[in-house]
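Residue-level listing of the chains:
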Amino acid sequence: MAVKQKVGKRGAVIVGLMQIRDKPQFKQAAGYILNFILGFAMSNSLIMTNLAPFGIGIVGQAGADWGGICCLIGTCMGYFLLGGFDWGIKYVATATLVFTVSFVFRDTKVIKKSWFMPCIVSLITGVTSFLNTFEFIDGFPGAVSIFTEVTLAGASTYFFASALTPMKTGSESAERRQAVSILVLCSCLLMSVCSLEIMNVISGGRFFALMIVLTAAYKGGMLPGCAAGTSLGLAMDMAAGGEIFFSMAYAFAGLISGIFSKHGRLMFLVSYILSNTVAVLWTWGASLRIELMYEVFAATVIFALLPDSFLEYVGGIAQLPAPGTGESGLRMYAANRAEKISIAFRELYGTVFKSLTGTENDNDIATVFDRAAGAVCVNCKNKEDCWQKNFMDTLSIMNDATGPMLKRGRLVKEDLAERFTDKCLSHYTFISAVNSELRGLMYRRQFRSRLNENRIAAYGQYKELADIIDGVAKELSGAKGADPLAERRLKRFLRAMDIEADVSVFRDNRGRLRAIIESGHLGPLLRQGNYLEILSGVLGVRLCTPPADDEISDRRLVVVEAEPLVASVGIAGIKKKGEPVSGDRGTYFKTDQGILCVILADGMGSGEDAARESISAVRTLEAFLKAGVDPAVAMKILNSVLLLKNGEEWGYSTIDLMCVDLFTGETCFYKYGAAPSFVKNGKTIRRVRCESLAAGICAGEGSSPDIIRMRLKPGNVALIASDGVMVEKDDAWLREMLTNSDGTDTKTLAKETLRAAVRQFGCEDDMTVLAVRVDERS
């Protein structure tokens, strides 16, 4: 029970202390004490044996409130205790004048400027130093002392203010500026305790300086370690007032040990001790600073005992900002949103498609007889006998007549039983009414079928849009991101040519490198005739310009990794005899993804109408493919567009699309009702057939094109032709031509194939041939 009471009392004391700590009065009092300590400590920081400008600097940043008064009091006490009244009166007067100016301008906007108080401190320090020593200035050394004191007083005001001002948010440069300011503040504080020694061997200031250098090198690497070593070493050298030694030793040790910061704490500490030993041995002939080894030994032992959590917390300020993941995070966020939108459109399509393709009972032929009876039999005297007393017999007669009527498409007298026609006084009128209703029913069915087909095509674009968005999401999530090393190399090269430019180097989802250079003047680079070869050497990959012509200007240049494969395409065509234009349309182009697309469209019929149809189909397909849409999705969109555009008119186009990945050779043929294509691989010739209907005819689930996949190797040749060239199933003549041709000249091959087809079949239809050959890039 007694133990519990003691624990309870201690807990109550701790809670009470925490409550006191959180009170504003306690925080205010702690701030006053801190200002007093800083003022006292900075006034004890001596440089060049008799200069102490840092006490003035700390007063300059303290402000004109009670905290500033406490700082001034501490500074004055430190100056008097350090050097006596005669030496300290100059600094006390300077600090008092600085506080007075701060008090006078406390309510003005100008005092909030970062440059105001540093300038005031430098000005007042310069005036008081000159008035105090102008009779004793002994030439150049005295002038250097005054200049040093003035500069350090003003600079310390700026850095102290930056270090002691909380920064909630800011840019990367602001964070670095505050980190440097904190390092300067620590250096000045450690200078004030350099004279405090442990066992007359280890300096307290240098011990803590070594701890800071160790932390900076271990957590930040060689650059922060070297920077901390240089700053603290200079501070220790200025405090010692002798030869330059500590700046060399600290910077060298921070640099070397920083290299081993990722190899474990033991290896890091061993490298730090060895590098300091080397620094001491370098001064063997001058003055052997053996005290450094004692301080290094003590600092490394204490550092080895520090927990990792403490080093992680304290050393965070020394770590260089690593490349952020904000860009990739934003890309993944956009990809996730695009994927969700894609899912929403796909679900919407599924809902609509089920309603459009649901089973609807539109086969009740009885409505035809009911409506005909309602129009003809309503005034007949035998109405009740036929449709009430003998209803089942009449129903049986109508059911027997339904089959022949539907097969023939109309009702005739012979379809009805004789007992019905003999009894019915208006059977001819009844037959005519039934045929009229039957035609109406057929028209309604046809209209609903066409309307339903158009609705399926229209709403099917929801699914195609979902596929497009899903492709964008996959591209965003699969992008490799920026290449910082390549960007730095490219920037260094451009600066060597005196070109300041914004550079972006990254790899897309296919791993293809892209570089974008934006500058006010790229003329010096573009005037180099071989600038692509030069940039290829800088980035380490072979480069080429993208297909778009607007990517090159004297302000913006875009280059991409060159494909290892190249393709040559030859086209030959001839119009149908007696027609002004050909109804076929063929084209080819390369997309930004390095994919060669070859398109051949054959519009329905021939002449100008067929030409308009094929041109429209090619333009639509080309626009989607150049935008990066998946070819299968682009083909289905084209099919939907043709269905909706033609409406009640009958129109279609056969489409042949060949896509060759010039990085891998992967090839896909996409066909809508197109003629067979042929691929030659050595002596082997493969026929690529199509079974789907033409684009603009099929709708719903059967609207996808035929897709045939293969891989083309260097030297392979592909031949695409319209149905005017392949009139018959016999393709022996074409196989023989491909076997005898080496295919090196695709234009010649296309022309020879066209001439052979004309000899075989004449010009009874539009004829177009496209020959494609794949080779390695030389």
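Residues numbered from 1 in each chain as written. Predicted model: local features only at pLDDT ≥ 70, side-chain atom pairs only at ≥ 80, totals over all residues. Heavy atoms only, no water.

**So, the side chain of Asp766**
The condition is simple: Helix numbering and strand numbering both begin at the N terminus, where a helix is a DSSP run of H or I of at least 4 residues and a strand a DSSP run of E of at least 2. Note on classification: 1.4 Å probe, protein chains only; a residue is buried when its accessible area is under 20% of the maximum for its type, exposed when over 50%, partly exposed between these limits. For the purpose of counting charges, residues Lys and Arg are taken to be positive, whereas Asp and Glu are taken to be negative. His and the chain ends are not included. Throughout this description, the term salt bridge denotes a Lys or Arg side-chain nitrogen within 4 Å of a carboxyl oxygen of Asp or Glu. Between N or O atoms, a polar contact is any pair within 3.5 Å; within protein, one atom must be a potential hydrogen donor and the other a potential acceptor, and residues adjacent in sequence are included only when both atoms are from side chains. In this description, contact between two residues means that some pair of their heavy atoms is separated by no more than 4.5 Å.
Along the polypeptide, Asp766 turns up in the loop between α26 (746-761) and β17 (767-776). Of the side chains with opposite charge, Lys576 lies nearest to the buried Asp766, which makes no salt bridge, at 7.3 Å. There is a polar contact of 2.8 Å between the side chain of Asp766 and the backbone nitrogen of Lys576. Beyond its immediate stretch of four places on either side in the chain, Asp766 contacts Ile574, Lys575, Lys576, Val581, Ser582, Gly583, Asp584, Gly605, Ser606, Gly607, Ser722 and Gly724.

**Some words on the environment of Lys680**
Mapping Lys680 onto the fold places it in strand β13 (residues 677-681). Counting along the chain gives 38 residues from Lys680 to Ala718, while the straight-line C-alpha distance between them is 6.2 Å. In this structure Lys680 touches Ile685, Asn716, Val717, Leu738, Thr739, Ser741 and Asp742, once residues within four positions along its chain are discounted. A polar contact is formed between the side chain of Lys680 and the backbone oxygen of Leu738, at a distance of 2.7 Å.

**Describing the packing of helix α8 (residues 204-220) against helix α9 (residues 222-240)**
Test applied: Only the stretch in contact is used when fitting a helix axis, every axis being a line fitted to C-alpha atoms; angles between N-to-C directions are given from 0 to 180 degrees. Orientation labels follow simple angle bins: below 35 degrees gives roughly parallel, above 145 gives roughly antiparallel, 65 to 115 gives roughly perpendicular, and whatever is left gives oblique. Put simply, a crossing is left-handed when the front helix is turned counterclockwise from the back one by less than a right angle, and right-handed when it is turned clockwise. Three residue categories are used. Nonpolar comprises Ala, Val, Leu, Ile, Met, Phe, Trp, Tyr, Cys and Pro, charged comprises Asp, Glu, Lys and Arg, and polar comprises the others, including Gly.
For the pair α8 and α9, interaxial distance at closest approach is 7 Å and the crossing angle is 165°. The orientation of α8 relative to α9 falls into the category roughly antiparallel. Helix-helix and strand crossings are classified by hand; for α8 and α9 the assignment is right-handed. The segment α8 lies against α9, with Gly205, Arg206, Ala209, Ile212, Val213, Ala216, Ala217 and Gly220 engaging Met222, Pro224, Gly225, Ala228, Gly229, Leu232 and Met236. Looking at the contact of α8 with α9, its residues break down into ten nonpolar, four polar and one charged.

**Quick look at the sheet that holds strand β11 (residues 653-661)**
The test is simple: Two strands are said to pair when DSSP picks up at least two bridges between them.
Read across the sheet, five strands follow the order β9-β10-β11-β12-β15 without closing on themselves; strand pairing throughout is antiparallel. Among the strands making up the open sheet, the edge pair consists of β9 (584-590) and β15 (706-711). Strand-to-strand twist in this sheet, taken as the mean axis angle between neighbours without regard to direction, amounts to 10°. Where β9 lies against strand β10 (residues 595-603), seven bridges are found, and the strand directions are antiparallel. Bridging from a neighbouring strand, Tyr588 pairs with Val598 of β10. On the sheet, helix α23 (residues 607-626) packs against β9, β10 and β11 and is oriented at approximately 160° with respect to β10.

**Some words on the packing of aromatic side chains**
Our working rule: Note on aromatic contacts: the rings of Phe and Tyr and the six-membered ring of Trp form a pair at centre separations within 6.5 Å, being stacked when their planes are under 30 degrees apart, edge-to-face when over 60 apart, and tilted otherwise. Cation placement over rings: the criterion is NZ of Lys or CZ of Arg within 6 Å of the ring centroid and within 35° of the ring normal.
Enumeration over the complete set of coordinates arrives at 14 aromatic pairs. Residues Phe207 and Phe208 carry aromatic rings whose centres are separated by 5.3 Å and whose planes lie at 75° to one another, so their mutual orientation is edge-to-face. An aromatic cluster of three or more residues is present, and its members are Tyr79, Trp87 and Tyr91. Over the aromatic face of Phe303 sits the side chain of Arg265, whose NZ or CZ is 5.7 Å from the ring centroid.

**Describing the sheet that holds strand β14 (residues 684-688)**
Strand order in the open sheet made by the five strands is β8-β17-β16-β13-β14, with antiparallel pairing throughout. Every interior strand has two partners, whereas the edge strands, β8 (565-574) and β14, have only one. Across the sheet, the mean angle separating the axes of adjacent strands is 15° when strand polarity is ignored. Running over the sheet, helix α25 (residues 732-740) touches β13, β14 and β16 (717-721) and is turned about 30° from β13.

**Observations concerning the nonpolar core**
Applicable threshold: Side-chain atoms within 4.5 Å are what join buried Ala, Val, Leu, Ile, Met, Phe, Trp, Tyr and Cys residues into a set we call a nonpolar core.
If you look at the biggest cluster of nonpolar residues, it comprises 67 residues, and the most contacted ones within it are Val59, Met236, Tyr250, Leu292 and Phe303. Here the element with the most residues in this core is helix α4 (residues 66-104); it accounts for ten residues. When residues no more than four places from it in sequence are discounted, the contact partners of Leu292 are Phe245, Phe246, Ala249, Tyr250, Asn276 and Val280. Among the nonpolar cores identified, the runner-up in size contains 24 residues, and Phe589, Leu625, Val629 and Tyr670 belong to it.

**Here we look at helix α17 (residues 391-408)**
So the rule is basically this: One less than the residue count of a helix, multiplied by 1.5 Å, gives the span that helix is expected to have. Bend is computed residue by residue as the angle between axes fitted to the seven residues ending at the residue and the seven residues starting at it.
With 18 residues, α17 should cover 26 Å at 1.5 Å per step; its first-to-last C-alpha distance of 26 Å lies within 8% of that length. Of all the bends found along α17, the most pronounced is centred on Thr402 and spans about 30°, while Pro404, a proline, follows it within four residues. Of the positions making up α17, those classed as buried are Thr394, Ile397, Met398, Ala401, Thr402 and Met405.

**Some words on the packing of helix α2 (residues 24-43) against helix α3 (residues 54-62)**
Put simply, α2 and α3 touch, their axes get as near as 7 Å, and they point 155° apart. Here α2 lies roughly antiparallel to α3, going by the angle between them. Between α2 and α3 the crossing geometry is right-handed. Seen from α2, the contacting residues are Asn35, Leu38, Gly39, Met42 and Ser43; seen from α3, they are Phe54, Gly55, Ile58 and Ala62. Of the residues contributing to the contact of α2 with α3, the split by class is five nonpolar, four polar and no charged.

**A look at a positive patch on the surface**
Going by this rule: Grouping into patches uses exposed residues only, defined as over 30% relative accessible area, and leaves out salt-bridged ones; the cut-off is 9 Å for like charges and 5 Å for nonpolar side chains (Val, Leu, Ile, Met, Phe, Trp, Tyr). Shrake-Rupley sampling with a 1.4 Å probe provides the accessible areas, and residues are treated as covered by the protein chains on show and by no other component. Charge coordinates come from a single atom per side chain, which is NZ of Lys, CZ of Arg, CG of Asp or CD of Glu.
Together, Lys747, Lys751, Arg755 and Arg759 make up a positively charged patch on the protein surface. Among the structural elements, Arg755 can be located in helix α26.

**Brief notes about α2**
For α2, built from 20 residues, the straight-helix expectation of 28 Å at 1.5 Å per residue is met to within 8% by its first-to-last C-alpha distance of 29 Å. All of the buried residues along α2 are Asn35, Leu38, Gly39, Ala41, Met42 and Ser43.

**Section: the pattern of salt bridges**
By the definition in use, this model includes 16 salt bridges. The salt bridge partner of Asp656 is Lys671, with a shortest N-O separation of 2.6 Å. Taken as a pair, Asp656 in strand β11 and Lys671 in strand β12 (residues 666-672) lie far apart in primary sequence, 15 residues in all. In this structure, Asp656 and Lys671 share a single accessibility class: buried. Among the ionic pairs, Arg687 bridges to Asp731, the shortest N-O distance being 2.4 Å.

**Digging into the pairing of β12**
Summarising burial for β12: six of the seven residues are buried, a large majority. Note: β11 against β12, six bridges, orientation antiparallel. Residue Ile655 lies in a different strand from β12, and its bridge partner there is Tyr672. Remark: four residues form the turn of the hairpin made by β11 and β12, two consecutive strands paired antiparallel; Gly665 in that turn has positive phi of roughly 85°. Sheet topology places β12 next to β15; six bridges connect them, and they run antiparallel. In the strand pairing of β15, Cys668 is matched with Arg709.

So yeah, pure geometry; function would need other evidence.
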